[in-house]
Amino acid sequence: ERLFISYYGSEPLSNLKAIVETATDLKAFCQEKGIRFRFGMVTSGVLLTRKVVLHLLPLGFVTAQITIDGNQQTHDASRPFQNGKGTYALIMKNLSEYAGLIHTDVLSVVDESRITAAYELIDTLAEKGYALRRVRMKFSPVSPTYDNESIAAAQWFFDDGQLMQARKEMIIELAKLSIYAAEKGLVDDLRPKHTWCAMQRHDGRHFTLEPSGKLYTCPTLIGRNPQYEAGHISTGFGGIDTVIKAQYTRSQKCLS
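Residues numbered from 1 in each chain as written. Predicted model: local features only at pLDDT ≥ 70, side-chain atom pairs only at ≥ 80, totals over all residues. Heavy atoms only, no water.

Asker: I'd like to hear about the overall build of the protein, residue by residue, with values.
Answerer: On a plain count of helices and strands, the protein comes out with nine helices and 11 strands. Relative to its full complement of 256 residues, the protein shows a buried share of 35%. Sequence-distant contacts in the protein: of pairs separated by 6 or more residues, those separated by 24 or more amount to 59%. Roughly 15400 Å² of accessible area belongs to the protein as shown, and the carbon and sulfur atoms make up 54% of that amount. (Helix = DSSP H or I, 4+ residues; strand = E, 2+ residues; numbered from the N terminus. Buried < 20%, exposed > 50% of the residue type's maximum accessible area, 1.4 Å probe, protein only. Contact = heavy atoms within 4.5 Å. Areas by Shrake-Rupley, 256 points an atom, 1.4 Å probe, with all protein chains shown as cover.)

Asker: Outline the environment of Asp105, supporting the account with residue identities and numerical values.
Answerer: With respect to the secondary-structure elements, Asp105 resides in strand β4 (residues 103–110). The buried category is assigned to Asp105, whose relative accessible area is 17%. Counting along the chain gives 30 residues from Asp105 to Val135, while the straight-line C-alpha distance between them is 5.9 Å. Ignoring anything within four residues of it in the chain, the contact list for Asp105 reads Ala64, Gln65, Ile66, Arg136 and Lys138.

Asker: Residue-level account of the layout of surface pockets, with values.
Answerer: Taken as a whole, the second largest pocket spans an internal volume of roughly 210 Å³. Lining the second largest pocket are 14 residues, and of these Ser10, Thr43, Ser44, Thr67 and Arg79 sit closest to its centre. Classifying every residue of the lining of the second largest pocket by side-chain character gives four nonpolar, seven polar and three charged. (1 Å grid on protein atoms, 1.4 Å probe; cavity = no way out; pocket = protein on both sides within 12 Å on 5 of 7 lines; lining within 4 Å. Points joined across faces, edges and corners; volume = space filled by probe spheres on them. Nonpolar A, V, L, I, M, F, W, Y, C, P; charged D, E, K, R; others polar.)

Asker: Can you tell me about the sheet that holds strand β2 (residues 36–42), naming the residues and giving the values?
Answerer: If you trace the five strands from one edge of the open sheet to the other, you get β1-β2-β3-β4-β5, paired in parallel fashion. On the outer flanks of this sheet lie β1 (2–7) and β5 (135–141), each paired with one strand and no other. The sheet shows a mean angle of 20 degrees between the axes of neighbouring strands, taken without regard to direction. Judged from the four bridges that link them, β2 and strand β3 (residues 61–67) form a sheet pairing that is parallel. Note that in β3 the partner of Val42 across the bridge is Gln65. With respect to the sheet, helix α4 (residues 88–98) is in contact with β3, β4 and β5, its orientation differing from that of β3 by roughly 155 degrees. (Pairing = 2+ DSSP bridges. Axes fitted to C-alpha atoms, helices over the stretch in contact; angles between N-to-C directions.)

Asker: Describe the pairing of β1, and please don't skip the residues or the numbers.
Answerer: Two strands pair when backbone bridges link them, and β1 and β2 are joined in this way by six bridges, in the parallel orientation. Counterpart to Arg2 in the pairing with β2 is Arg36. In this view, the connection linking β1 to its parallel neighbour β2 by way of helix α1 (residues 16–33) has right-handed handedness. (Right-handed = clockwise from strand over helix to strand, strands pointing away.)

Asker: Any details on α4? Residues and values, ideally.
Answerer: Of all the residues in α4, the buried ones are Tyr88, Ile91, Met92, Asn94, Leu95 and Tyr98. Each buried residue of α4 sits inside an arc of 160 degrees when the element is viewed along its axis, so together they form one side. Residues of α4 that are buried sit in contact with α2 (50–56), β3, α3 (72–78), β4, α5 (115–127) and β5. Directly after α4, the chain includes Gly100, whose backbone phi takes a positive value near 105 degrees. (Arc of directions from axis to C-beta.)

Asker: Outline the packing of aromatic side chains, listing residues and values.
Answerer: According to the stated counting rule, one finds four aromatic pairs in the structure shown. Both rings, one in Phe39 and one in Phe61, keep their centres 5.3 Å apart while their planes meet at 20 degrees; by these two values the pair is stacked. Taken as a pair, Phe39 in strand β2 and Phe61 in strand β3 lie far apart in primary sequence, 22 residues in all. Each member of the pair, Phe39 as well as Phe61, carries the same accessibility label: buried. Aromatic ring contacts, followed pair by pair, group Tyr7, Phe37, Phe39 and Phe61 into a single cluster. (Phe/Tyr/Trp six-rings, centres within 6.5 Å; stacked < 30°, edge-to-face > 60°.)

Asker: I'd like a description of the nonpolar core, backed by residues and values.
Answerer: With 44 residues, the main nonpolar core has Phe39, Met41, Leu48, Leu56, Phe61 and Leu125 as its most contacted residues. Every residue in contact with Leu56, bar those within four places of it in the chain, is listed here: Leu16, Ile19, Val20, Phe39, Met41 and Phe61. (Core = buried A, V, L, I, M, F, W, Y, C linked by side-chain atoms within 4.5 Å.)

Here is the structure:
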């Protein structure tokens with residue numbers, strides 16, 4: 001029923017002709033088959049101008065992910081042109097001219113030295129009103145001990161304990177950044193997509209756990225009169241925490 005294509009890898013816009021040709025052919029094919037066609041891309045943002053966006057819109061262009069690593073000083077230090085000149089100003093200029101035409105995710109790669117700069121980027125985007133122009137933020141960790149932006153599986157196994165500790169600390173910082181960005185309107189919803197979870201009891205009965213922590217005996221009772229609440233995850237069923245621990249089993253998948 002639907003086909004979505006993502007152009008990525010190095011800089012896809014360095015070959016705009018290939019994007020136009022493939023998107024044109026795919027759109028024609030999908031129209032013939034009654035399939036809805038859309039596409040997006042992962043790009044640095046340097047070549048993503050308003051002119052390019054307007055050129056691609058009729059072909060089904062709907063979303064792009066660009067990368068801005070914090071404030072101008074931090075970003076330009078990590079992502080300069082070959083001649084050493086920074087890319088921050090150009091990316092921000094392009095964004096200001098096409099924001100709102102497509103959905104744009106701004107990815108910020110963060111390590112311990114870039115946390116403050118990431119907060120400054122959130123403030124900058126919020127002050128410029130990008131939350132109302134279909135711009136949202138995403139955050140990704142990077143280890144300062146490696147040149148690559150991602151840690152390969154082999155490197156994780158090489159020194160698992162130290163890397164896991166570093167990753168745990170960064171995940172906490174990324175969570176704080178996401179919450180702050182959400183408060184500024186730059187992250188849509190941090191809550192889980194599922195609204196309840198059933199926990200199987202030894203005698204075959206269930207409890208349903210609401211995201212707020214309230215317990216119910218059935219999903220249909222969620223949101224009704226407080227008298228239907230069976231307890232709370234922090235205090236347990238009927239206020240007795242040991243009842244949940246003793247009478248409920250949860251699969252390892254659920255726990256993870």
